[in-house]
Amino acid sequence: MSCSVTIRNLSVCADENLLFSGVNLNVSHKEKIAIIGANGSGKTTLLETIAGLRNASGGVIELFHEPMLNLDSFKKYRGEIGYLFQDSDNQFIYPKVLEDVAFSLLSRGVDKDEAVEKSREILEHFGIWHLKDKIVFHLSGGEKKLVALAGVLISKPKILLLDEPTTALDFKMQTRLTQILKSLDISQIIVSHDKEFVRNVADKIYYLNENGLSEDRAGIL
Ligand SMILES: Nc1ncnc2c1ncn2[C@@H]1O[C@H](COP(=O)(O)OP(=O)(O)OP(=O)(O)O)[C@@H](O)[C@H]1O
């Protein structure tokens, strides 16, 4: 089976302290997996390392079967990886919703009318077209999350990394997000404390601690 992300014996330090070691993971083409674990166990750090935003201390990350030998190697796949940050405010580049969602297409040279049309499509699909002229920083936490996700998905990444996607979402928004993620036929790595949500979305759930990832095969976590 074709794997989008393969991790072998990964270890990562923060401030020279070993956070975790022995992390092994295969995320196949279109597979959805979730990572849970205690506060401070390194879930966000692991996602950042997979995205090439920080250095590993040891081990190998392969994207699309190609080993990422240094942070420069990740550049080739930057357009294939979508990253939804834990704090949506870190995601926004433009002050207005429509401009922000269109940004990644415009930055790739897509013509303005086409970028606006694609933005309209995704905002309508998410049920938030009415927010198009709002200032992103004035939105509710849940609205911000959906706008940020629209901005990530508009460029059609092949791998989606999501850090605590349900934070600030009420039940209705969470249901909407669950439907959106389940309908996406791309590889997803979801970091979350929300076990019910990940059971609904993910094919596999892993628990992270300092000794690596263990899969919750029995469904007891
Ligand atoms: N750039 C950094 N410099 C120093 N320490 C860091 C850095 N990034 C993360 N850490 C530390 O590494 C540890 C793991 O942080 P991380 O955010 O990855 O954990 P987490 O499992 O995502 O936590 P939470 O569930 O609370 O979001 C924390 O103790 C954090 O303070």
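These numbers come from a predicted model, not from an experiment.

Asker: Give me the site of the ligand: which residues, what numbers.
Answerer: Around the ligand, the surrounding shell holds 14 residues, and the nearest of these are Asn39, Gly40, Lys43, Thr45 and His193. Separating an oxygen atom of the ligand from a side-chain N or O atom of Asn39 is a distance of 2.8 Å. Between Thr44 and the ligand, the recorded distance is 2.9 Å, taken from a backbone N or O atom to an oxygen atom. Calculation on the ligand without its partners gives an accessible area of 640 Å², and the protein chains cover 59% of this total. In terms of residue class, the shell around the ligand is built from three nonpolar, eight polar and three charged.

Asker: Please provide a residue-by-residue account of the side chain of Asp100, values included.
Answerer: Looking at the element boundaries, Asp100 is found in helix 2 (residues 97–107). For Asp100, which is buried and forms no salt bridge, the nearest opposite charge comes from Lys144, at a distance of 12 Å. A polar atom in the side chain of Asp100 sits 2.6 Å from the backbone nitrogen of Ile93. Discounting chain neighbours no more than four positions away, the residues touching Asp100 are Phe92, Ile93, Tyr94 and Val136.

Asker: Provide a residue-level description of the layout of surface pockets, including the pertinent values.
Answerer: Of the voids in this model, the largest pocket is the one considered here, and its volume is about 600 Å³. Ile81, Tyr83, Gln91, Ser104 and Val152 are, among the 22 residues lining the largest pocket, the residues nearest its centre. Elements with a contribution of two residues or more to the lining of the largest pocket: strand 6 (81–84), helix 2 and helix 4 (141–153). Here the element with the most residues in the lining of the largest pocket is helix 2; it accounts for four residues. Taken together, the residues that form the lining of the largest pocket break down as 11 nonpolar, eight polar and three charged.

Asker: Can you break down the sheet that holds strand 3 (residues 32–37) residue by residue, with the values?
Answerer: Here we have six strands laid out as an open sheet, ordered 6-7-8-3-9-10, and mixed in their pairing. Two strands bound the open sheet, and with one partner strand each, they are strand 6 and strand 10 (212–215). Direction aside, neighbouring strands of the sheet carry axes that sit 20° apart on average. Two strands pair when backbone bridges link them, and strand 3 and strand 9 (residues 204–209) are joined in this way by five bridges, in the parallel orientation. By the bridge assignment for strand 9, Ile35 is matched with Tyr206.

Asker: Go over the packing of aromatic side chains, please, and point to the residues and values.
Answerer: Where two aromatic rings form a pair, the distance of their centres and the angle of their planes describe that pair. Tallying each qualifying case throughout the model produces four aromatic pairs. Ring centres of Tyr94 and Phe103 lie 5.8 Å apart, and the angle between their planes is 45°; on these two criteria the pair is classed as tilted. We classify Tyr94 as partly exposed; its relative accessible area is 37%. Residue class for Phe103 comes out partly exposed when judged on its relative accessible area of 27%. The positively charged end of Lys132 is found above the aromatic ring belonging to Trp129, 5.3 Å away from the centroid.

Asker: Report on the packing of helix 4 against helix 5 (residues 171–183), specifying residues and quantitative values.
Answerer: Closest axis-to-axis distance for the helix 4/helix 5 pair is 11 Å, and the angle between their directions is 15°. Between helix 4 and helix 5, the angle falls in the class roughly parallel. Crossing angle aside, the handedness with which helix 4 passes helix 5 is left-handed. Listed contacts from helix 5 to Gly142, Glu143, Leu146, Leu149 and Leu153 of helix 4 are Met173, Leu177, Ile180 and Leu181.

So, how was this worked out
Residues numbered from 1 in each chain as written. Predicted model: local features only at pLDDT ≥ 70, side-chain atom pairs only at ≥ 80, totals over all residues. Heavy atoms only, no water. Near = heavy atom within 4 Å. Polar contact = N/O pair within 3.5 Å; in protein donor to acceptor, adjacent residues only side chain to side chain. Areas by Shrake-Rupley, 256 points an atom, 1.4 Å probe, with all protein chains shown as cover. Nonpolar A, V, L, I, M, F, W, Y, C, P; charged D, E, K, R; others polar. Helix = DSSP H or I, 4+ residues; strand = E, 2+ residues; numbered from the N terminus. Buried < 20%, exposed > 50% of the residue type's maximum accessible area, 1.4 Å probe, protein only. Lys, Arg positive; Asp, Glu negative; His and termini not counted. Salt bridge = Lys/Arg side-chain N within 4 Å of Asp/Glu carboxyl O. Contact = heavy atoms within 4.5 Å. 1 Å grid on protein atoms, 1.4 Å probe; cavity = no way out; pocket = protein on both sides within 12 Å on 5 of 7 lines; lining within 4 Å. Points joined across faces, edges and corners; volume = space filled by probe spheres on them. Pairing = 2+ DSSP bridges. Axes fitted to C-alpha atoms, helices over the stretch in contact; angles between N-to-C directions. Phe/Tyr/Trp six-rings, centres within 6.5 Å; stacked < 30°, edge-to-face > 60°. Lys NZ or Arg CZ within 6 Å of the ring centre and 35° of its normal. Parallel < 35°, antiparallel > 145°, perpendicular 65-115°, else oblique. Left-handed = near helix turned anticlockwise from the far one by under 90°.

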